[in-house]
Amino acid sequence: MHVYIIRRTLIALATLLAVSFLSFSLVNLTPANPAEVALRVNDVIPTPEAIQEMKIELGMDKPFLVRYAIWLERCAHLDFGTSFTNTNRTVAGELARSFPYTLKLTSVALVLLILISLPVGVASAVWKDSLFDKGVRFIIFAGTSVPNYWLAFLLIWLFSLTWKILPSSGTSSLAHYILPALSLNTLYIATYVRLIRNSMLENMKENYTLYARARGISEKKIIWLHVLKNSLQSSITALGIGIVRILSGTVVIENIFAIPGIGRLCVASIFNRDYPTLQAYIFIMGVFFVLTNFSIDILHCMVDPRLKTRAQHA
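Please read these numbers as outputs of a predicted model, since none were measured by experiment.

1. Let's talk about helix 10 (residues 219–248)
For helix 10, which comprises 30 residues, the first-to-last C-alpha distance of 40 Å matches the rise-based estimate of 44 Å (1.5 Å per residue) to within 8%. The largest bend along helix 10 reaches roughly 40° and is located at Leu228.

Structure representation (structure tokens):
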């Protein structure tokens, strides 16, 4: 187990290094000159002398790998530089100001995802081929087919403009996050309902379920304590990837519902060519992706005896 954790840690560190190099390289490969962009967004005429001075100020006169090493060392101390669009603010400060909104939205989406997908997936498996199961399968099909931005407009039209029961924008209360969260995670709710349902149906055919029924254990205990526990193992990995996808999916949803999170900050940095903010956003999303997958791998190994045994003999 310890060897497995050390090996996974080394792989995660190597992946983080590759993510940092890609996030630094992608922005540096853009055709626009960052020094000229920094001058233009601050309403300074980009003369050759001014561009040269800005290059020295941004450290762009140094070789590429030296700049990357300096940037990486600063990132390790959460110093992502200064925003081009507002030179009085640091990128870390902008991210810290925006992140609580995104974290709140992602948390609401995750809670809704678990509260809806778990009971619906179990009920759909228990009442297989019933009218309820057929309705759920139709909703799964629709949920995986509708783009989240289109669903967001439909929800605004229905709940905000027609029924007037939920707000269409803002962040002042928990109710403001319900429609964005539903728009964000409907695809994942449909996916996890399908995963749980299919996994439950497979486990209900296993011998241990037959033996549990033969021992007289109640059907409710068999479903919730045995079948569901074994069925969730296959969903843990998908859930880990889903968390990061929900977090990165806020780019579109936050702009539709006017939520000042990091997704909206990312779009603003693209339009304003605020390269330091964009670099930091890509890097942080990569870090979240790697750390989440690392945590899920360790958790998966701990709860699955087969993987635990395999890891001990690795």
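2. A few points about the packing of helix 6 (residues 131–145) against helix 8 (residues 178–203)
Two measures define how a pair of helices packs: the angle their axes make with one another and the distance between the axes. At a closest axis distance of 8 Å, the pairing of helix 6 and helix 8 adopts a crossing angle of 135°. When the axis of helix 6 is compared with that of helix 8, the two are oblique. Considering only the axes of helix 6 and helix 8, their crossing is left-handed. Residues Asp133, Val136, Arg137, Ile140, Gly143 and Thr144 of helix 6 touch helix 8, and the partners they reach there are Thr186, Leu187, Ala190, Thr191, Val193, Arg194 and Arg197. Per-class residue counts for the contact of helix 6 with helix 8 are five nonpolar, four polar and four charged.

3. Things to note about the environment of Ile178
Inspection of the secondary structure puts Ile178 in helix 8. The partly exposed category is assigned to Ile178, whose relative accessible area is 29%. Along the chain, Ile178 and Asp133 lie 45 residues apart, while their C-alpha atoms are 25 Å from each other.

4. Concerning the side chain of Ser269
Summarising the element assignment, Ser269 is placed in helix 12 (residues 262–271). Among the polar contacts listed, one links the side chain of Ser269 to the backbone oxygen of Cys266, at a separation of 2.6 Å. Ignoring any residue separated from it by four or fewer positions in sequence, one finds Ser269 in contact with Asp274, Thr277 and Leu278.

5. Details of the confidence of the model for the protein
In the predicted model, the protein carries a mean pLDDT of 84, and the fraction of residues at 70 or more is 95%. Mean pLDDT across the secondary structure elements of the protein bottoms out at helix 14 (residues 305–312), with 61, and peaks at helix 7 (residues 148–162), with 91.

6. What about the nonpolar core?
Counting 25 residues, the largest nonpolar core has Leu105, Leu113, Leu179, Leu184, Ile246 and Phe257 as its most contacted members. When residues of this core are traced back to their parent elements, those giving at least two are helix 5 (91–126), helix 6, helix 7 and helix 8. Per-element accounting of this core gives the leading share, eight residues, to helix 8. When sequence neighbours within four positions are dropped, the list of residues in contact with Leu105 reads Tyr177, Pro180, Ala181, Leu184, Thr250, Glu254 and Ile259. By size, the runner-up hydrophobic cluster in this structure holds 16 residues, among which are Tyr68, Leu95, Leu265 and Met285.

7. Some remarks on the packing of aromatic side chains
Counted under the stated rule, the structure contains ten aromatic pairs. Note on Phe24 and Tyr68: the rings are 5.7 Å apart at their centroids and 55° apart in plane angle, and the pair reads as tilted. Here Phe24, found in helix 1 (residues 2–28), pairs with Tyr68, found in helix 4 (residues 64–76); they are 44 residues apart in sequence, far enough to count as distant. Both residues of the pair, Phe24 and Tyr68, belong to the buried class. Relative to Phe132, the ring of Trp127 lies with its centre 5.7 Å away and its plane at 90°, an arrangement referred to as edge-to-face. With a relative accessible area of 36%, Phe132 lands in the partly exposed category.

8. Quick word on the layout of surface pockets
Over the atoms rolls a probe the size of a water molecule, and its path tells where empty space is left. Taken as a whole, the largest pocket spans an internal volume of roughly 690 Å³. Along its surface, the largest pocket is lined by 26 residues, and Leu58, Gly59, Arg74, Phe84 and Pro276 are the ones closest to its centre. Mapped onto the lining of the largest pocket, the elements with two or more residues apiece are helix 1, helix 2 (34–41), helix 3 (48–58), helix 4 and helix 13 (275–303). No other element matches the four residues that helix 4 contributes to the lining of the largest pocket.

9. Quick notes on the pattern of salt bridges
Overall, the coordinates contain six salt bridges when judged by the stated rule. Linking Arg97 and Glu94 is a salt bridge whose minimum nitrogen-to-oxygen distance equals 3.2 Å. One end of the pair, Arg97, and the other, Glu94, are both in helix 5, three residues apart, so they sit about a helical turn from each other. The exposure class of Arg97 is partly exposed, given its relative accessible area of 41%. Looking at Glu94, the relative accessible area reads 10%, which means it is buried. Two residues, Asp133 and Arg197, come together in a salt bridge whose shortest N-O distance is 2.9 Å. Taken together, the residues span a long stretch of sequence, with Asp133 in helix 6 and Arg197 in helix 8 at a distance of 64 residues. Residue Asp133 is classed as buried on the basis of its relative accessible area, which comes to 0%. The exposure class assigned to Arg197 is buried, which follows from its relative accessible area of 9%.

Conventions used here
- Residues numbered from 1 in each chain as written.
- Predicted model: local features only at pLDDT ≥ 70, side-chain atom pairs only at ≥ 80, totals over all residues.
- Heavy atoms only, no water.
- Helix = DSSP H or I, 4+ residues; strand = E, 2+ residues; numbered from the N terminus.
- Expected span 1.5 Å × (residues − 1).
- Bend = angle between axes of the 7 residues up to and from the residue.
- Axes fitted to C-alpha atoms, helices over the stretch in contact; angles between N-to-C directions.
- Parallel < 35°, antiparallel > 145°, perpendicular 65-115°, else oblique.
- Left-handed = near helix turned anticlockwise from the far one by under 90°.
- Contact = heavy atoms within 4.5 Å.
- Nonpolar A, V, L, I, M, F, W, Y, C, P; charged D, E, K, R; others polar.
- Buried < 20%, exposed > 50% of the residue type's maximum accessible area, 1.4 Å probe, protein only.
- Polar contact = N/O pair within 3.5 Å; in protein donor to acceptor, adjacent residues only side chain to side chain.
- pLDDT = per-residue confidence, 0-100.
- Core = buried A, V, L, I, M, F, W, Y, C linked by side-chain atoms within 4.5 Å.
- Phe/Tyr/Trp six-rings, centres within 6.5 Å; stacked < 30°, edge-to-face > 60°.
- 1 Å grid on protein atoms, 1.4 Å probe; cavity = no way out; pocket = protein on both sides within 12 Å on 5 of 7 lines; lining within 4 Å.
- Points joined across faces, edges and corners; volume = space filled by probe spheres on them.
- Salt bridge = Lys/Arg side-chain N within 4 Å of Asp/Glu carboxyl O.

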